[in-house]
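Each chain is listed here by its residues.
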Amino acid sequence: MSDGVKLVAVSKYHPVSDLQAAYDAGQRIFGESHAQEVVAKQALLPDDIQWHFIGHLQTNKVKYIAPFVALIHSVDSFKLLKEINRQGERCHRIIDCLLQIHIAREETKFGFSPDELIQMLNEGEWRNLSHIRIAGLMCMATHTADTRQVASEFAFAHSLFNQVRHDYFQDTPSFRELSMGMSGDYQIAIQHGATLVRVGSLIFGERDYTTQVNTLK
Ligand SMILES: *Cc1c(COP(=O)(O)O)cnc(C)c1O
């Protein structure tokens, strides 16, 4: 993988034994998208794993992951950011967060529209949140075989990232992550400036969605 791009091994729905095997091969960053599942896995696996939360996060679930999560990729509202801050304060941590932006054509994807993102940053209330750190942006491209479409969405995300960094985070070197790219499009994402790619099925194979979280051993 090219210089400076970090691999998030997306292990949702995969059993702890698969994560342990990836860990034994040297992988340290794992991405999960359900609070209950990541809490269960975190208890069973080595302490030096960096757990990244990548799925839609409900405010009432933040408290479960706040004590250990290394990065939350999927902050899609100011309300959620405030709750992460509140839970960070409770466990004396500063929690790294990415703001999820909606750039895909699909209606169903979560995230701030570019306008909502700029509006939230302009309002400035986030500057008062002392237990979160905004470390960059995250996005998902449209699920399509049209690679030109995907490339143009990632290029747009990259330019928005540069603009936001210039306009709001010039004195904040910790604003540096652009999380984009999955199994089907990570190479295009890297070409367009991704610093974190979230790859699941290419590493672990197909997910079995019938797996019960409490039997993940
Ligand atoms: C599941 C998931 C991934 C990984 O998807 P693959 O296609 O299996 O690589 C990446 N990002 C998010 C937000 C996901 O929910």
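As a reminder, the structure under discussion sits directly above these lines.
The present account deals with the structure reproduced in this document. It should be emphasised that the depicted structure is a prediction, and the values quoted were computed from it without experimental measurement.

### Brief notes about the overall build of the protein chain
Phase 1 of the analysis: Secondary structure assignment for the protein chain yields eight helices and eight strands.
Phase 2 of the analysis: Its C-alpha radius of gyration of 17 Å places the protein chain within 12% of the 17 Å reference for a compact globule of 217 residues.
Phase 3 of the analysis: Taking the principal axes of the C-alpha coordinates as reference, the protein chain spans close to 45 × 45 × 35 Å.
Phase 4 of the analysis: For the protein chain, the residues scored as buried account for 49% of the 217 residues in total.

### Section: the site of the ligand
Phase 1 of the analysis: As a matter of local geometry, the ligand sits amid Val10, Lys12, Ile54, Met138, Met182, Ser183, Arg198, Val199, Gly200, Ser201 and Arg207.
Phase 2 of the analysis: Here the ligand loses 89% of its free accessible area of 390 Å² to cover by the protein chains.
Phase 3 of the analysis: Looking at the shell around the ligand residue by residue, the class counts come to five nonpolar, three polar and three charged.

### Looking at unusual backbone geometry
Phase 1 of the analysis: For tyrosine 13, which is not a glycine, the phi torsion comes out positive at approximately 70°.
Phase 2 of the analysis: When you line up the elements, tyrosine 13 lands in the loop between β1 (6–10) and α1 (16–24).
Phase 3 of the analysis: Residue classification places tyrosine 13 among the buried residues on the basis of a relative accessible area of 19%.
Phase 4 of the analysis: Within the chain, histidine 92 stands out as a residue other than glycine whose phi angle is a positive 55°.
Phase 5 of the analysis: Looking at the element boundaries, histidine 92 is found in the loop between α4 (78–90) and β5 (95–102).

### Here we look at α4
Phase 1 of the analysis: With 13 residues, α4 should cover 18 Å at 1.5 Å per step; its first-to-last C-alpha distance of 18 Å lies within 8% of that length.
Phase 2 of the analysis: The complete set of buried residues in α4 reads Phe78, Leu80, Leu81, Glu83, Ile84, Asn85, Gln87 and Gly88.
Phase 3 of the analysis: As for α4, its buried residues are in contact with α3 (62–65), β4 (71–75), β5, α5 (114–123) and β6 (132–140).
Phase 4 of the analysis: In the segment just after α4, histidine 92 is the residue with positive phi, at about 55°.

### Observations concerning the packing of aromatic side chains
Phase 1 of the analysis: Scanning the model with the defined rule gives five aromatic pairs in all.
Phase 2 of the analysis: Between phenylalanine 30 and tryptophan 51 the ring centres are 6.0 Å apart and the planes differ by 35°, which places this aromatic pair in the tilted class. Of this pair, phenylalanine 30 sits in strand β2 (residues 29–32) while tryptophan 51 sits in strand β3 (residues 50–53), and the two are 21 residues apart along the sequence. Pair check on accessibility: phenylalanine 30 and tryptophan 51 agree, each one buried.
Phase 3 of the analysis: Relative to phenylalanine 175, the ring of phenylalanine 161 lies with its centre 5.3 Å away and its plane at 15°, an arrangement referred to as stacked. One end of the pair, phenylalanine 161, is in helix α6 (residues 147–168); the other, phenylalanine 175, is in the loop between α6 and β7 (177–179), with 14 residues separating them in the sequence. Phenylalanine 175 carries the same exposure label as phenylalanine 161, and that label is buried.
Phase 4 of the analysis: Among the aromatic residues, those joined into a ring-pair cluster are Trp126, Phe161, Phe169 and Phe175.
Phase 5 of the analysis: Positioned over the ring face of tyrosine 23 is arginine 28, at 3.6 Å from the centre of the ring.

### Some remarks on the pairing of β3
Phase 1 of the analysis: Bridge count for β2 against β3 is four bridges, and the pairing is parallel. Along β3, the bridge assignment pairs glutamate 32 with phenylalanine 53.
Phase 2 of the analysis: Each parallel crossover has a hand, and for β2 linked through helix α2 (residues 35–44) to β3 it is right-handed.
Phase 3 of the analysis: Two elements, β3 and β4, share two bridges in a ladder whose sense is parallel. From the neighbouring strand, histidine 52 faces β4, where its bridge partner is leucine 71.

Conventions used here
Position numbers for residues count from 1 along each chain, tracking the sequence in the order it is written. Since the coordinates come from a predicted model, pLDDT governs what is reported: local features require at least 70, and pairs of side-chain atoms require 80 or more to be given and counted, while whole-chain, interface and lining totals use all residues. Side-chain figures throughout are based on the complete set of non-hydrogen atoms in the structure, without hydrogens or water. The helix and strand labels rest on DSSP assignments: H or I over at least four residues marks a helix, E over at least two residues marks a strand, and numbering proceeds from the N terminus. The reference for a compact globule is 2.2 Å times residues^0.38; the radius of gyration itself is calculated from the C-alpha atoms. Each residue is assigned to one of three classes by its accessible area relative to the maximum for its type, calculated with a 1.4 Å probe on protein chains only: buried under 20%, partly exposed between the two thresholds, exposed over 50%. A single heavy atom is enough: if one lies within 4 Å of a molecule or strand, its residue is considered near that molecule or strand. For every accessible area listed, the method is Shrake-Rupley and the probe measures 1.4 Å; residues are considered covered only by the protein chains on display. Only Asp, Glu, Lys and Arg are considered charged in this grouping, and only Ala, Val, Leu, Ile, Met, Phe, Trp, Tyr, Cys and Pro are considered nonpolar; every other residue, Gly among them, is considered polar. Here the expected span of a helix is defined as 1.5 Å times the quantity of residues minus one. Contacts: residue pairs with any heavy atoms within 4.5 Å of one another. Pairing of aromatic side chains requires ring centres within 6.5 Å, counting the rings of Phe and Tyr and the six-membered ring of Trp. Pairs whose planes differ by under 30 degrees are stacked, by over 60 edge-to-face, and all others tilted. By the criterion adopted, a ring carries a charge over it if an Arg CZ or a Lys NZ lies within 6 Å of its centre and within 35 degrees of its normal. Strands are labelled as partners when DSSP assigns at least two bridges between them. A clockwise course of the path from the first strand over the helix to the second, judged with the strands pointing away from the viewer, identifies a crossover as right-handed.

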